[in-house]
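Coordinate analysis (summary)
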Amino acid sequence: MSEKYIKMLKAMLFGSLTSIEVFFLTLLFSVPLALLICGGRMSKAKIVSWITRIFLLIIRGTPLMLQLLVVYFGPGLFVRWLNSFGYNIIFRWNRFTAAIIALSVNYACYFAEIYRGGIESIPRGQYEAGKVLGYTPSQTFFRIVIPQVIKRIVPAMGNEVITLVKDTALVSVIGVAELLMVAKERQSALFSFTPLFIAGVFYFVMNWFVTLGFAKLEKKLSYYN
């Protein structure tokens, strides 16, 4: 194997590690954040529910690529506007951090609606059964309702996580050197389709593992049938 192809593989290895890091950090932050958003969406306080609905509409109604650009460039433009009034604010924004924030908020909104759908699909009789058994409302929710909700939302969550694997490629729009960005650069340098093919194989394998993981999780939760 020639030296240029060895360099290509090394560069793509680092790019794939960045993609994996983006994937796992996004899941780490978006899954719990979705619980807060879901709580706001289902809140009995109308103002909280209304604000959450507007927020969900904005995030789910605009492209993720646009959100990445806004999160990365927006704070800098805001600081520049403040400095025009005589302030001397110094602001430095990390590309990787901006990417994680944008992806986490975006996916949290989609996960929140999946959570809400799962919770609202549970019959009221389940809550009444918990009351008959002497459970408090919180005990009923966490011991009876949540296990059933998890079982019901696994397929939808699986679809979103698979989409997340592919959406990690979008962070290249703000200059994060993930796998696809590296593949494009190497393709231009080598005049070869090989880097793009390797990138495609990576995304396929990653989603294959995700699919297997969710399939095992569904099987593990099958006792609720």
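You'll find the structure just up there.
Thresholds, definitions, all that
- Residues numbered from 1 in each chain as written.
- Predicted model: local features only at pLDDT ≥ 70, side-chain atom pairs only at ≥ 80, totals over all residues.
- Heavy atoms only, no water.
- Salt bridge = Lys/Arg side-chain N within 4 Å of Asp/Glu carboxyl O.
- Helix = DSSP H or I, 4+ residues; strand = E, 2+ residues; numbered from the N terminus.
- Buried < 20%, exposed > 50% of the residue type's maximum accessible area, 1.4 Å probe, protein only.
- Expected span 1.5 Å × (residues − 1).
- Bend = angle between axes of the 7 residues up to and from the residue.
- Contact = heavy atoms within 4.5 Å.
- Polar contact = N/O pair within 3.5 Å; in protein donor to acceptor, adjacent residues only side chain to side chain.
- Phe/Tyr/Trp six-rings, centres within 6.5 Å; stacked < 30°, edge-to-face > 60°.
- Lys NZ or Arg CZ within 6 Å of the ring centre and 35° of its normal.

A closer look at the pattern of salt bridges
- One pass over the full model with this rule turns up 4 salt bridges.
- For E120, the salt bridge goes to R116, with nearest N and O atoms at 3.2 Å. With a gap of 4 residues between them, E120 and R116 both fall in helix α4 (residues 95-120), about one helical turn apart.
- The buried category is assigned to R116, whose relative accessible area is 16%.
- Each of the salt bridges in this network shares a partner with another, and the network as a whole consists of R41, R60, E113, R116 and E120.

Details of helix α3 (residues 64-83)
- Between its terminal C-alpha atoms α3 stretches 29 Å, which fits the 28 Å expected from 20 residues at 1.5 Å a residue.
- Of all bends in α3, the biggest is about 35°, found at F73, and the proline P75 comes one to four residues later.
- The secondary structure elements touched by the buried residues of α3 are α2 (46-60), α4 and α6 (137-167).

What to know about the side chain of Q148
- Its place among the elements puts Q148 in helix α6.
- A relative accessible area of 17% means that Q148 is categorised as buried.
- A polar side-chain atom of Q148 sits 2.9 Å from a polar atom in the side chain of Q126.

Quick word on the environment of C38
- With respect to the helices, strands and loops of the structure, C38 is situated in helix α1 (residues 3-41).
- Residue C38 is classed as buried on the basis of its relative accessible area of 5%.
- As a C-alpha pair, C38 and Y110 span 72 residues in sequence and 9.8 Å in three-dimensional space.
- With sequence-adjacent residues up to four places away left out, C38 is seen in contact with A112, Y115, R116 and I119.

Observations concerning the packing of aromatic side chains
- The full count for this structure, using the stated rule, is 8 aromatic pairs.
- Between W81 and F85 the ring centres are 5.0 Å apart and the planes differ by 85°, which places this aromatic pair in the edge-to-face class.
- The exposure class assigned to W81 is partly exposed, which follows from its relative accessible area of 48%.
- Grouping aromatic residues by their ring pairs yields a cluster made of F78, W81 and F85.
- Lying across the ring of Y127, R124 places its NZ or CZ 4.4 Å from the centre.
- Over the ring of Y135 we find R143, and its NZ or CZ is 5.5 Å from the ring centre.

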